[in-house]
Structure formats: structure tokens, C-alpha cells
Amino acid sequence: MPNALGGGSAFAQEASAQEKGPKKDQRKALGALEENPFPADFVWGASTSSYQIEGAVDEDGRGKSIWDTFSHTPGLVKNDDTGDVACDHYHRWVEDVEWLARGGFNAYRFSTAWPRILPAGAGAIEHRGLDFYDRLVDGLITRGITPWLCLYHWDLPQALQDQGGWLKRDIADKFADYALIVARRLGDRVKHWAMFNEPNIHALFGYGMGGHAPGLKGLANMLAASHHQNLAQGRALAALRAERADLRLGTVVNISPVRPASDRAEDHRAVERFDAFWNGAFLDPLFKGSYPTALGAEIAPLIIGDDLKAIQQPIDFFGVNYYAPAWVAAAPQSLFGAWFGPAPAGTRFTDIAWPIDAGGLAEALNRLRDQYGNPETYVTENGACYNDKLAADGIVHDDDRTAYLRDHIAASRRALADGVKLKGYFAWSLLDNFEWAEGYSRRFGLIHVDFVSQKRTPKASFDFLADTIKRRG
């Protein structure tokens with residue numbers, strides 16, 4: 001998930017002044033849900049990622065990732081926090097899986113850590129890493145929870161970054177090899193496989209803006225990382241499909257509807273440019289076999305031979321991560337000439353200064369219906385950052401997060417009613433965790449984590465979602 005959505009200061013300046021949404025709107029949304037229940041086979045899940053929760057970075061032969069390097073570089077992560085321990089999920093996974101079961105979730109999306117399985121990125125396999133995911137998968141299945149595995153959630157082995165990482169074409173084949181290794185161990189039980197999580201965010205903030213690992217900057221770097229992730233995705237999809245015919249294969253992209261920040265003509269032009277880099281550069285090659293016209297000339301030198309044919313692979317499902325729309329303005333000095341502008345007056349914000357607009361989720365889903373063939377779709381991340389605390393009564397009263405989830409679930413139901421092939425909803429995140437460059441200063445979890453004692457406490461939002469699943473599952 002991104003931790004820079006909204007452009008920081010442009011939204012942050014307004015965030016503190018906004019009022020919270022009225023409870024009347026919450027009751028209205030709940031009523032709409034009651035009148036239009038989800039299908040009985042709808043998937044209800046929660047999502048996490050390896051570096052954000054696992055910890056145990058030096059155990060059982062795990063190699064270093066780019067986030068180990070980045071977080072240990074002074075000044076790059078708030079409070080110099082690292083993921084060395086995180087939620088200690090590597091040792092506490094049984095408790096975490098039990099929470100999924102208690103909440104009635106029937107699916108869990110997690111990511112495997114490439115450096116835990118291939119410490120050098122390629123070559124020798126660390127079987128103790130695969131053993132961990134073996135235990136996790138079996139623990140999920142035993143409790144009636146379907147495992148959804150994501151192969152890459154930003155923690156590239158540092159050894160591969162030292163060789164160029166996503167800037168080099170040869171990483172596409174290395175990723176496909178890694179995918180096969182994991183599938184040969186877990187594919188007999190894991191049937192849902194996402195190739196990537198948010199390659200657009202990884203390319204933009206890790207390789208273009210420098211605020212995420214590996215901390216590189218420049219448009220050329222961002223474009224190379226974008227194209228090579230697309231190519232790696234295509235190669236992995238083809239390899240896994242050839243390996244096992246019974247796998248359901250897909251990928252996950254963060255989609256943000258893009259809107260002009262003003263009526264100025266230049267801001268309207270900026271919308272096409274921003275949308276091409278954020279959304280289109282990852283949607284169009286997969287579904288249409290081409291890049292958006294707005295960036296075609298700049299990315300063209302990276303395309304060699306039948307790259308676009310290799311990228312345009314059939315998928316069984318598509319995952320949408322949604323947090324907020326983007327209001328953009330012309331910004332000639334920015335990375336690609338368009339960047340976040342001010343949101344409309346009256347917009348509400350989460351505590352990380354991201355604007356709240358549940359309608360944007362329905363808009364993103366309807367775009368897939370109208371422009372990309374209406375694929376089988378799952379909301380694979382959706383949630384809100386509120387820096388809630390454990391109250392004296394032992395409860396985390398996160399009413400704002402509950403309202404956010406309620407409104408976005410209602411928006412999902414509207415999209416379903418509009419003909420979107422929406423099959424499931426995964427909340428972000430099961431646990432408070434290491435929130436990338438924000439360290440432990442931001443909380444998205446349904447379950448509160450005391451990062452000193454590692455005590456887990458379900459929040460009110462967890463109870464709300466558990467009740468939602470019970471009534472509609």
C-alpha cells in the first residue's frame with residue numbers, strides 16, 4: 001500500500017481542519033447494505049505484507065531486502081524505525097490466523113518474502129523460508145481460510161538491487177523463476193496467486209521519487225521499473241500457467257480516479273498525464289497490449305521485441321487497491337509534469353492526510369467494467385489510517401475507521417449492482433504494522449498492536465467487519 005498518496009502537504013494543510021462525517025450518513029450506508037446483501041459466495045478477507053509484519057529479518061537464512069537497507073539508512077524512515085521486528089508475525093502467526101478465524105474471514109492475502117526464499121535473489125533455495133509459508137498455509141486451511149498469495153510486495157532482495165534491480169531486463173526471468181519455486185512448494189494448496197502488489201506505487205515512489213526503497217529518483221528510473229515489472233508479471237503468469245493448470249492467476253494495482261484540481265485548462269491536461277503514469281501504464285499493457293498515448297514516446301525505447309505480447313497475458317482475476325482519488329494540477333517541475341493539487345473544499349481526510357471519497361471506489365471498479373472488459377475483480381486493499389489508541393476501558397474506539405469501511409463496502413455493493421464482476425473485499429490491514437517510510441507512526445489495522453509487548457487487541461472496526469461478514473457471509 002502507498003504511504004505517500006495525496007502528495008503530503010497539499011492535503012495535510014487541510015486535513016486537520018476538516019470535520020468527521022455525520023453518523024446519519026453512516027446509518028444510511030448501513031441501510032443500503034441491508035437492502036442489497038452481497039452474494040453468499042462473496043469473499044471476505046484481510047491483507048498484509050511480508051516486510052510490514054514478519055520481522056525475523058536475520059532468522060533461518062533470510063537475505064537482506066531493499067527495505068532492510070533503506071530502513072537502516074538514517075533519516076529515510078520516520079523515527080529511524082525498521083521492520084526488524086515489526087509485528088513479529090514470523091513467530092506469532094498462529095495468533096494472527098486465529099484472529100482471522102474469530103472474525104469470520106474466509107480469505108487472507110499475504111505476501112511471500114523473496115529474500116526469505118532466495119537470499120541472493122536467485123540460485124540456492126532457503127527451504128526454511130518455504131517451511132514458514134508451508135506452516136502458514138496449512139494453518140489457514142485448517143481454519144477454513146483460503147490463502148491468497150502475493151509474490152511481490154516491494155521487498156526485493158538487496159542482492160538483486162545491487163545488480164540493478166527493476167532497472168534491468170533480466171530481472172523478469174529471475175522473478176518468473178522465483179514464482180515457480182514458490183508454486184512448486186505451495187501450489188498444491190494455494191490456488192489464488194497475485195503476481196505483484198501495486199507495481200505502480202513501487203515504481204513511482206521507490207524508483208522515481210526516492211521516498212521508498214530503494215530510494216532512486218528520476219523519470220527514466222521510474223519508467224524502467226514500470227516496464228520491467230510489467231514484463232516480469234507477464235513472464236511469471238505464463239510460467240505458472242504452464243506449471244499448473246489449476247491455479248487462479250492475477251495481479252494487484254492501486255487505482256485512483258484522477259480529477260483536475262481546478263478548472264484551469266492546464267490542470268485538465270494534467271489529468272491525462274497523471275492518469276497515464278499512475279493507472280494506465282499498468283492497466284493498458286495487461287488488458288490492451290499497449291501503453292497509454294500520453295507516455296508512449298517516453299517508454300518506447302524500453303520495449304524490445306515481443307515485450308507487449310509477453311505482458312498481455314490472460315488473468316483469472318484482477319485486484320484493486322483503493323484508498324482515495326487524486327486531484328491533480330499541472331506541475332512542470334515535478335517528475336512527469338503533473339502532481340497532486342488541493343482537494344475540493346469540504347473534503348474530509350484520514351490521519352495520514354488522504355482524502356476520503358467512497359464514491360471513488362465505485363468509479364475505479366466501473367472503469368474496469370467499461371474500459372478493460374469487466375474482469376473478475378476483488379477489492380484487495382481498502383482501509384484508513386487513524387492514529388487510534390487503546391482506551392482505558394481496553395477498547396480501541398476507532399469510529400472513523402468503522403465509518404470509512406462501512407461507506408466503502410456500500411460503494412462496493414453499488415458497483416456490484418452496476419454490473420461490475422466484483423467477487424470479494426479485503427480490508428487493509430489485519431494488523432497495525434510497519435507503514436513503510438512512516439515507520440510505526442501510522443496505524444491502518446483492524447487489530448491494534450503494541451509494538452513493545454506485541455499484544456494484539458481487536459478494534460471496534462474489527463468487530464464491525466466481523467458482524468458485517470456474519471450477516472452477509
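Fair warning: this is a prediction, and the values are worked out from it, not measured in the lab. (Residues numbered from 1 in each chain as written. Predicted model: local features only at pLDDT ≥ 70, side-chain atom pairs only at ≥ 80, totals over all residues. Heavy atoms only, no water.)

A. Spatial organisation of the overall build of the protein chain. Secondary structure summary: the protein chain contains 17 helices and 13 strands in total. By the compact-globule yardstick of 23 Å for 473 residues, the protein chain fits well, its C-alpha radius of gyration being 21 Å. Here the C-alpha coordinates of the protein chain stretch approximately 55 × 55 × 45 Å along the principal axes. Counting every position in the protein chain, which comprises 473 residues, the buried fraction comes to 62%. Of the contacts made within the protein chain by residues no fewer than 6 positions apart, 78% connect residues no fewer than 24 positions apart. By element, 51% of the accessible surface of the protein chain is carried by carbon and sulfur atoms, the whole surface being about 16,500 Å². For the protein chain, the distance from the average site of its 51 positive side-chain charges to the average site of its 60 negative ones is 3 Å. (Helix = DSSP H or I, 4+ residues; strand = E, 2+ residues; numbered from the N terminus. Rg over C-alpha atoms; globule rule 2.2 N^0.38 Å. Buried < 20%, exposed > 50% of the residue type's maximum accessible area, 1.4 Å probe, protein only. Contact = heavy atoms within 4.5 Å. Areas by Shrake-Rupley, 256 points an atom, 1.4 Å probe, with all protein chains shown as cover. Lys, Arg positive; Asp, Glu negative; His and termini not counted. Charge placed at Lys NZ, Arg CZ, Asp CG, Glu CD.)

B. Representation of the sheet that holds strand β10 (residues 377–381). In spatial order, the strands read β1-β2-β3-β4-β5-β7-β10-β11; together these 8 strands close into a barrel with parallel pairing. Within this sheet the neighbouring strands show an average axis-to-axis angle of 25°, counted without direction. Together, β5 (248–254) and β7 (317–321) form the strand contacts of helix α12 (residues 265–288), whose direction differs from that of β5 by roughly 160°. (Pairing = 2+ DSSP bridges. Axes fitted to C-alpha atoms, helices over the stretch in contact; angles between N-to-C directions.)

C. Main features of the nonpolar core. If you look at the biggest cluster of nonpolar residues, it comprises 129 residues, and the most contacted ones within it are W166, F175 and W193. Every residue in contact with F175, bar those within four places of it in the chain, is listed here: W114, L151, Y152, W166, M195, F196, A232 and A236. Counting residues in hydrophobic clusters, the runner-up holds 10 residues, among them Y323, I352, C385 and W428. (Core = buried A, V, L, I, M, F, W, Y, C linked by side-chain atoms within 4.5 Å.)

D. Main features of helix α17 (residues 460–472). Compared with an ideal rise of 1.5 Å per residue, which puts 13 residues at 18 Å, α17 spans 18 Å between its outermost C-alpha atoms and is within 8% of the ideal. Residues of α17 that are buried include every one of S461, F462, F464, L465, A466, T468, I469 and R472, and no others. (Expected span 1.5 Å × (residues − 1).)

E. Region of interest: the confidence of the model for the protein chain. Residues of the protein chain with pLDDT of at least 70 account for 92%, and the chain-wide mean is 94. Counted against residues more than four places away or in other chains, residues 7–27, with its pLDDT under 50, gives 38 contacts. Contacts of residues 29–33 to residues separated by more than four positions or lying in other chains number 12 contacts, the stretch itself having pLDDT below 50. (pLDDT = per-residue confidence, 0-100.)

F. Examining the side chain of Q233 more closely. Tracing the sequence through the fold places Q233 in helix α11 (residues 219–243). Excluding its chain neighbours within four sequence positions, the residues that come into contact with Q233 are M195, F196, T251 and L286.

G. The packing of helix α5 (residues 89–103) against helix α7 (residues 127–142), seen in detail. Contact pair α5 / α7: the axes reach a minimum separation of 10 Å and the direction vectors enclose 15°. As judged from the angle between their axes, α5 and α7 are roughly parallel. For α5 against α7, the interelement crossing comes out right-handed. On the side of α5, the interface is formed by H89, Y90, W93, V97 and L100, while α7 contributes R128, F132, R135, L136, G139 and L140. Each residue belonging to the contact of α5 with α7 can be placed in one class, and the counts come to 7 nonpolar, 2 polar and 2 charged. (Parallel < 35°, antiparallel > 145°, perpendicular 65-115°, else oblique. Left-handed = near helix turned anticlockwise from the far one by under 90°. Nonpolar A, V, L, I, M, F, W, Y, C, P; charged D, E, K, R; others polar.)

H. Structural view of the side chain of S111. On the secondary structure map, S111 appears in strand β2 (residues 107–111). Its relative accessible area of 2% is what places S111 among the buried residues. In terms of polar contacts, S111 uses its side chain to reach the backbone amide nitrogen of S50, at 2.8 Å. In this structure S111 touches T48, S49, S50, E54, Y133, C150 and H153, once residues within four positions along its chain are discounted. (Polar contact = N/O pair within 3.5 Å; in protein donor to acceptor, adjacent residues only side chain to side chain.)

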